[in-house]
Amino acid sequence: MSTCLVLGASGYVGAHLVHALVQAGHRVRAFARSATEIPGVDSIRADVLDEVALAAAMSEVDVVYHLIHSMTGDDFVATDARIAQTVADAAARAGVRQVVYLGGPRPTDEPSPHLASRAQVGDLFLAAPTPAVVLQASMIIGAGSASFDLLAKAARGGPVVPNPAYMGNRSRPIALRDVLYYLVEAASREPVNTVADIAGPDTLTYLELLQRCARVAGLPKRLPIPVVLPPTIAAALSSEPLVRALVDSLKHDLVPTHPLPPPPYGSTSIDRALREALGISEPEGPPLDAPDLLKDRKQVRVRAERFALWKAITDIGGANGWHTLPGAWSLRGAVDHLFGGVGLHRGRPTDLARGDVVDSWTVVDRHDGDTELVLRADLRLPGRAWLTLRATDGDHPGECGFEQTTLFQPHGLAGKIYWYTQKPLHDVVFGTMALGIARAAEESGGTGASPVE
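A few points on the structure. Each chain has its residues counted from 1, running along the sequence as written. Local features in a predicted model are, by the rule used here, given only for residues with pLDDT of at least 70; side-chain atom pairs are given and counted only at 80 or more, and totals for whole chains, interfaces and linings are based on all residues. Only hydrogens and water are removed before side-chain values are computed, so all heavy atoms of the structure are retained for them.

What about a nonpolar patch on the surface?
Applicable threshold: Within this analysis, patches are made of residues with over 30% relative accessible area and no salt bridge. Like charges are joined at 9 Å or less; nonpolar side chains (Val, Leu, Ile, Met, Phe, Trp, Tyr) at 5 Å or less. Exposure was quantified through the Shrake-Rupley algorithm and a 1.4 Å probe, taking into account, for residues, occlusion by the shown protein chains and nothing else. The salt bridge definition used is simple: a Lys or Arg side-chain nitrogen within 4 Å of an Asp or Glu carboxyl oxygen. Only DSSP runs of H or I with at least four residues qualify as helices, and only runs of E with at least two residues qualify as strands; both kinds are numbered from the N terminus onward. The rule is simple: take the accessible area with a 1.4 Å probe, protein chains only, and divide by the maximum for that residue type; under 20% is buried, over 50% is exposed, in between is partly exposed.
On the surface, Val 160, Leu 223, Ile 225 and Val 227 cluster together into a nonpolar patch covering about 300 Å² of accessible area. Structurally, Ile 225 can be placed in strand β13 (residues 223-226). Here Ile 225 falls in the partly exposed class, since its relative accessible area comes to 34%.

A closer look at the pairing of strand β17 (residues 372-377)
Using the following cut-off: In this scheme, strands are said to pair when DSSP sees at least two bridges between them.
The pairing of strand β16 (residues 361-367) with β17 spans six bridges and is antiparallel. What sits directly across from His 367, in β17, is Glu 372. In this structure, the hairpin formed by β16 and β17 is closed by a connection of four residues, where Thr 371 is found at a positive phi of approximately 45°. Bridge count between β17 and strand β18 (residues 383-393): five bridges; the pairing is antiparallel.

Comments concerning the side chain of Lys 298
Note the following rule: Two N or O atoms count as a polar contact when they lie within 3.5 Å, although within protein this holds only if one can serve as hydrogen donor and the other as acceptor, and sequence-adjacent residues are included solely when both atoms are side-chain atoms.
With respect to the secondary-structure elements, Lys 298 resides in strand β14 (residues 294-302). You can call Lys 298 buried: its relative accessible area is 12%. Polar contacts involving the side chain of Lys 298 include one to the side chain of Asp 296, which spans 2.7 Å. Polar contacts involving the side chain of Lys 298 include one to the side chain of Asp 427, which spans 3.4 Å.

Quick look at the pattern of salt bridges
Inspection of every chain in the model, using the stated rule, returns 23 salt bridges. With its nearest N and O atoms 2.9 Å apart, the salt bridge here joins Glu 284 to Arg 384. Taken together, the residues Glu 284 in the loop between α10 (270-278) and β14 and Arg 384 in strand β18 connect sequence positions 100 residues apart. For Asp 351, the salt bridge identified is with Arg 366, shortest N-O distance 3.1 Å. Of this pair, Asp 351 sits in the loop between α12 (328-338) and β15 (357-358) while Arg 366 sits in strand β16; the two residues are 15 residues apart in sequence, bridging distant segments of the chain. Given the relative accessible area of 21%, Arg 366 is considered partly exposed. Sharing partners across several salt bridges, the network here consists of Asp 202, Arg 212, Arg 215 and Asp 271.

Remarks on the packing of aromatic side chains
Rules: Each pair of aromatic rings taken from Phe, Tyr and Trp, with Trp reduced to its six-membered ring, is defined by centres within 6.5 Å and is described as stacked if the planes are under 30 degrees apart, edge-to-face if over 60, and tilted in the remaining cases.
Counting across every chain of the model gives six aromatic pairs. Between Tyr 181 and Tyr 182 the ring centres are 5.3 Å apart and the planes differ by 70°, which places this aromatic pair in the edge-to-face class. According to the relative accessible area criterion, Tyr 182 is buried, its value standing at 5%. Judged by centre distance (6.1 Å) and plane angle (35°), the ring pair of Trp 322 and Trp 361 falls under tilted. Taken together, the residues Trp 322 in the loop between α11 (306-314) and α12 and Trp 361 in strand β16 connect sequence positions 39 residues apart.

Here's the deal with empty space enclosed by the protein
Put simply, the rule reads: Both site types are read off a 1 Å grid over the protein atoms alone. A 1.4 Å probe that fits but cannot get out defines a cavity, while an open set with protein on both sides within 12 Å along at least five of seven lines defines a pocket; lining residues have an atom within 4 Å of a point. Grid points are joined across faces, edges and corners, and a volume is the space filled by probe spheres set on the points.
Tallied over the entire structure, the rule returns two cavities of 30 Å³ or more. The space that makes up the largest cavity amounts to roughly 70 Å³. If you trace the largest cavity, you find it lined by Asp 296, Thr 406, Trp 419, Lys 423, His 426, Asp 427 and Phe 430. Residue contributions to the lining of the largest cavity peak at five residues, all from helix α13 (residues 412-441). Surrounding the second largest cavity, Pro 105, Gln 136, Ala 137, Ser 138, Arg 172, Asp 197, Ile 198, Ala 199, Leu 254 and Pro 256 form its lining.

Listed below in structure tokens is the structure:
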């Protein structure tokens, strides 16, 4: 257990970090100009440049978290440097074991003032007597994050989005929960003086990230309109210094080369992080006890190991396609988009998890032990639809079974009419899909999949 001082505890990350440290069993002091009372936390209301208050706050402290960024004036670079030097000097005098600073990525080209200031603060801490961990993150996905709020506003702003050249620059956004893991973990480790990148699992352009945000929000794909708008000019259009700084930083490619390993629970997917940040509830599974639930099941015998079939199941969507009639899902997505639905929205995260979006479906559940994947359809339908894909043990060595179950809960008579009139076509599309997934599992040279029923 460590005694931790969080500077900037009233900020977006700081407020969450205070609670995360308490939950991890650490003693916490929350320092901010507008600190509020939190049960089990020593709240200190003071200015960080008040050296007397800062020295008192650091007394008998093991770890200091520096989460202060002054972005309200034109001289924020000098102000940030002055604050950092004050904190570093106070930490050295107090005998603090470790300083932890959350900064931004370091671009390879000439950095924006915002990113240059973050790098300068990190270097000040690294050069100070107290060992410092400088964590560098690009966009943090979470409700209340300034950069995420800009993203969400752009994604929800309308069907058309400007697409200047810098929207093609890339980054690796990271979920708030993963940022908190790295910050809390630093409180229990041996002192170290280092710089480390922390990043999410996917590398995305800013336009791709905006489209993913719209997709998770259940909105149609945004239509990008090419425009010539340098980020410096775009930033100047805003009256808010923080917004100007963030927009100006879009001119950089911010992809880390050697990020830290993911947390023990695995990196949070971008889709799940977006869902949580947007306040969208977890996708609902099928109501198995509903009397009007319609069901169709297809089974295929697969000449491949069960793990190979499970990989084929969890690799569906995006560039891998759906192993069915060419163009079938594209056509269905186009029709849905025409009527105001989400459309096909081609794309998927690297590794599927609950809440992730896969083209026009959302992952309801993934059970690796049972090798079962449950998807919910996001298309406009006169009812609700789910698709369950499951790998089962086979009757003979080197063989397994594939079960594909479609469930549909109709909305009244219109839903029932839709189900029965579309069933002949669905039998072809989903039947071809079942055989296609089975064949994809037989990449090692099996003799082919065969229908069971």
